[in-house]
Amino acid sequence: MSQDKRAASASLTKLGVVLTDRGSKYAVSGAPVTSREAVDAVLAELKEDRDYAKATHNTWAAMLPTGGLKADDGESGAGMVILRMMEREEIKDHVIIVTRWYGGKKLGGDRFRRVQDAVRAYLDAR
């Protein structure tokens, strides 16, 4: 394992479930990263926890020295919400992951507000 991957996985911060809405549960996690390889290592470590591996969505965004990356993991548009918040806060060399366990009711546009709320909880805890 490269030093970058070891460093990223060693510093994963999981806040756990930070909010619920109509049965859906949202958790937020993050870690310092400087490469796509490190992002993948953090995601792999997060998914070692079976609850996170079985989540409906693990949406994420990362600000790397080479620029921003994002993935929606089926939650269309959510990665961009995270990335924009990171850009506004000038967060660099970091990945933030918002995990959602679907609760059976569609949230419509509120799902973006819940993603924002989860990211805000993470930024406030830093």
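Everything below is about the structure shown above.
Everything numeric here is computed off the predicted structure, so don't read it as measured data.

Caption draft 1: Quick look at the pairing of strand β4 (residues 67–71). Alignment of strand β3 (residues 57–64) against β4, held across five bridges, turns out to be antiparallel. Paired with Trp60 across the strands is Ala71, a residue of β4.

Caption draft 2: Fine view of the sheet that holds β3. Ordered by their spatial adjacency, five strands build an open sheet running β1-β2-β5-β3-β4, and the pairing between neighbours is antiparallel. Both edges of this open sheet fall to β1 (13–21) and β4, since each of them pairs with a single strand only. Within the sheet, the average angular offset between the axes of one strand and its neighbour, ignoring direction, is 15°. As paired elements, β3 and strand β5 (residues 94–101) share seven bridges and run antiparallel to each other. Each bridged residue has a counterpart across the sheet, and for Asn58 the counterpart in β5 is Thr99. Strands β3, β4 and β5 of the sheet are contacted by helix α4 (residues 78–88), whose axis makes an angle of about 35° with β3. Contacting β1, β2 (24–32) and β5, helix α5 (residues 110–125) crosses the sheet at an angle of about 145° to β1.

Reading guide: rules and limits
- In this numbering scheme, every chain counts its residues from 1 along its sequence in written order.
- At least 70 in pLDDT is required for a residue's local features to be given in this predicted model, at least 80 for side-chain atom pairs to be given and counted, and no such filter applies to totals for whole chains, interfaces and linings, which use all residues.
- In computing side-chain properties, one takes all heavy atoms of the structure into account and sets aside hydrogens as well as water.
- For two strands to count as paired, DSSP must find a minimum of two bridges between them.
- Only DSSP runs of H or I reaching four residues or more are called helices, and only runs of E reaching two or more are called strands; each is numbered from the N terminus.
- Here an axis means a line fitted to C-alpha atoms, over the contact stretch when the element is a helix, while the angle between two N-to-C directions is reported on a 0 to 180 degree scale.
- Contacts between residues were defined by any pair of non-hydrogen atoms, one from each residue, lying within 4.5 Å.

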